[in-house]
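# Coordinate inspection notes
Residues per chain are reported as follows:
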Amino acid sequence: MAFYEHVFIARPDISEAQVQTFIENYSKIIKDNGGKVTKNEYWGLKTLAYKIRKSRKAHYVLFNIDGPHSAIAEMENKQRYEDDIMRYMTIRVEELEEGPSAVVRAKTSGDDKYEKRGPRR
């Protein structure tokens with residue numbers, strides 16, 4: 001099977017519980033189509049680089065997926081028609097990253113300078 005990294009961003013006005021529901025639903029879609037989500041990370045409500053649908057912030061979620069392309073296509077099809085999902089992107093990778101992602105490492109070490117100073121004006 002192939003390895004994928006999938007990131008999606010959700011509207012800022014939904015709750016964290018609703019984002020967790022999306023994570024569970026999309027993980028189930030992957031599992032039902034013969035794949036598995038090896039890691040999922042909720043990065044929190046972060047500032048966007050530019051406005052999307054009049055929003056400056058969004059909920060970010062990362063999935064590491066080991067599965068067939070058909071599972072990815074099914075999940076993306078569901079996200080395409082979901083009003084609360086603003087953007088999504090899937091990248092095929094050679095191997096999945098072990099441990100926390102760079103975003104989580106920066107958050108825990110306090111190196112997330114962009115979040116501290118905010119976007120440039």
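This text gives an overview of the structure that appears in the document. (Residues numbered from 1 in each chain as written. Predicted model: local features only at pLDDT ≥ 70, side-chain atom pairs only at ≥ 80, totals over all residues. Heavy atoms only, no water.)

### Here we look at the overall build of the protein
Across its full length, the protein holds four helices and four strands. Starting at the N terminus and walking to the C terminus, you meet the elements of the protein as β-α-β-β-α-β-α-α. In summary, the protein has a C-alpha radius of gyration of 15 Å against a globular reference of 14 Å for 121 residues, a match within 12%. Across its three principal directions, the C-alpha atoms of the protein cover 45 × 30 × 25 Å. A total of 121 residues make up the protein; the buried ones form 39% of that total. Partitioning the intrachain contacts of the protein with sequence separation of at least 6 by distance along the chain shows that 75% fall at a separation of at least 24. (Helix = DSSP H or I, 4+ residues; strand = E, 2+ residues; numbered from the N terminus. Rg over C-alpha atoms; globule rule 2.2 N^0.38 Å. Buried < 20%, exposed > 50% of the residue type's maximum accessible area, 1.4 Å probe, protein only. Contact = heavy atoms within 4.5 Å.)

### Some remarks on the sheet that holds strand β4 (residues 85-93)
Overall, antiparallel pairing links the four strands, which are arranged β2-β3-β1-β4 in an open sheet. Edge strands, defined here as strands with exactly one partner in the open sheet, are β2 (36-52) and β4. For this sheet the average axis-to-axis angle between neighbouring strands, irrespective of direction, equals 20 degrees. Where strand β1 (residues 2-10) meets β4, eight bridges bridge the pair, whose relative direction is antiparallel. Each residue of the ladder has a partner; that of Phe 3, found in β4, is Val 93. The sheet strands contacting helix α1 (residues 16-32) are β1, β2, β3 (55-67) and β4, and the helix crosses β2 at an angle near 135 degrees. (Pairing = 2+ DSSP bridges. Axes fitted to C-alpha atoms, helices over the stretch in contact; angles between N-to-C directions.)

### Here we look at the packing of aromatic side chains
Under the criterion given, the structure shown has four aromatic pairs. Relative to Tyr 26, the ring of Phe 22 has its centre 5.9 Å away and its plane inclined at 5 degrees; by these criteria the two rings are stacked. Placement of the pair is Phe 22 and Tyr 26 together in helix α1, with a separation of four residues, close to one helical turn. Across the pair, Tyr 26 and Phe 22 agree in class, each one buried. Summarising the aromatic geometry, the rings of Trp 43 and Tyr 60 are spaced 6.3 Å apart at their centres and angled 20 degrees between planes, so their arrangement reads as stacked. Of this pair, Trp 43 sits in strand β2 while Tyr 60 sits in strand β3, and the two are 17 residues apart along the sequence. According to the relative accessible area criterion, Trp 43 is buried, its value standing at 12%. Through successive ring pairs, a cluster of aromatic residues spans Phe 8, Phe 22, Tyr 26 and Phe 63. (Phe/Tyr/Trp six-rings, centres within 6.5 Å; stacked < 30°, edge-to-face > 60°.)

### Points about the side chain of Ser 27
Position of Ser 27 relative to the elements: it lies in helix α1. In contact with Ser 27, other than residues within four places in its own chain, are Val 37, Asn 40 and Phe 63.

### Looking at unusual backbone geometry
Notably, Arg 53 is not glycine yet its phi reads approximately 50 degrees, a positive angle. Relative to the helices and strands, Arg 53 resides in the loop between β2 and β3. Exposure remark for Arg 53: the relative accessible area of 52% places this residue in the exposed category. In this structure, Lys 54 takes a positive phi of about 65 degrees despite not being glycine. Position of Lys 54 relative to the elements: it lies in the loop between β2 and β3.

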